[in-house]
Amino acid sequence: MAETVRDALLLLAWLSPGYPVGAYAYSHGLEWAVEAGDVRDEAGLRDWLADVLEHGAGRSDAILAAHAHAAAAAGDATALAAVNDLALALAPSRELHLETSQQGRSFLDATRAAWGTPRLAALADHLAGPVAYPVAVGAAAGAHGLDRPTVLAAYLSAFVQNLVSASLRLAPVGQSAGTRVVAALTPRAAALAEAVEGLALDAAGTATVRLDLGSFRHETQYTRIFRS
């Protein structure tokens, strides 16, 4: 029981809005979707996030995090570096590459400083350059021996909640509607965490073309408050 509580508290800390990764600065294309009129209300936000979760970065990140976790748990730095290389290559635009690499680097550095272990330090030495965010989370969790299905579910839940938080600042929905969206998508995040368990690394990838194209357009959007 004590170990379960410890694991839960670690994940709550690592994936909280206050963790120093700069998640508040990114909308993962949502700012452009609001500008373009793709997301206008609660229903539109729920549907847009469901697609991102199940067909976009949510699913792909979960697969990458699972493989990073396995590599870290085994102490296989070569496999971990290969997962990271693939994760960075899968970013479809400059902004989305910045989103994952900046958060990943920040997460790994902060976690190594505050919750460092010899295994995490050894693995981090093989990730000296850009680090994809799901790889950083998976590697830290694997190095600490955290339960992988729980890590994936927590990661996906935090992913959804961060984007809902961004939507509140963009103003297509209010707090009550945002809370309902989180409630609607939480079971889907949990189901996705189970579904990706055991999938091969080749299964990583996205099918959210409009989001990808929108992330290019966001680079030149006239007014914006987010970096992606």
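Keep in mind it's a predicted model, so treat the numbers as computed, not measured. Numbers given for residues are sequential positions, taken from 1 along each chain in its written order. Side-chain atom pairs in this predicted model are given and counted only at pLDDT of 80 or more, local residue features only at pLDDT of at least 70, and totals for whole chains, interfaces and linings cover all residues. Excluding hydrogens and water, the side-chain values take into account all heavy atoms of the structure.

Caption draft 1: How the structure looks around the nonpolar core. Judged by nonpolar contacts, the single largest core of 71 residues is most densely connected at W14, L30, W48, L49, L80, F107 and L156. Per-element accounting of this core gives the leading share, 10 residues, to helix α9 (residues 148-170). In this structure L49 touches L163, V164, V181 and L185, once residues within four positions along its chain are discounted. Throughout this description, the term nonpolar core refers to a set of buried Ala, Val, Leu, Ile, Met, Phe, Trp, Tyr and Cys residues connected via side-chain atoms within 4.5 Å. Type-normalised accessible area, obtained with a 1.4 Å probe on protein chains alone, sets the label of each residue: buried when under 20%, exposed when over 50%, and partly exposed for intermediate values. Put simply, DSSP H or I for four residues or longer makes a helix, DSSP E for two residues or longer makes a strand, and each gets a number counted from the N terminus. Any two residues having at least one pair of non-hydrogen atoms within 4.5 Å are treated as being in contact.

Caption draft 2: Representation of helix α3 (residues 42-55) in the model. Take the residue count of a helix, subtract one, and multiply by 1.5 Å to get its expected span. Taking 1.5 Å per residue, 14 residues should reach 20 Å; α3 reaches 20 Å between its end C-alpha atoms and fits that length. Taken together, the buried positions of α3 are G44, L45, W48, L49, A50, V52 and L53. Those residues of α3 hidden inside the fold are in contact with α2 (30-36), α4 (57-73), α9, α10 (175-196) and α11 (209-218).

Caption draft 3: Representation of the environment of L80 in the model. Assignment of secondary structure puts L80 in helix α5 (residues 77-89). Remark: the alpha-carbon pair of L80 and H67, spanning 13 residues in sequence, is separated by 7.7 Å.

Caption draft 4: A look at the packing of aromatic side chains. Here a Phe, Tyr or Trp ring, Trp counted by its six-membered ring, pairs with any other such ring whose centre lies within 6.5 Å, and the pair is stacked when the planes are under 30 degrees apart, edge-to-face when over 60, and tilted otherwise. Within the structure shown, the criterion is met by six aromatic pairs. Ring geometry for W14 versus W115: centroids 6.2 Å apart, planes at 75°, classification edge-to-face. Placement of W14 in helix α1 (residues 2-14) and of W115 in the loop between α6 (94-114) and α7 (118-124) is noted, with a sequence separation of 101 residues between them. For W115, a relative accessible area of 31% puts it in the partly exposed group. Among the aromatic residues, ring-to-ring pairing joins W14, Y19, F107, W115, Y133 and Y155 into one connected group.

Read these as spatial facts, not as claims about activity.
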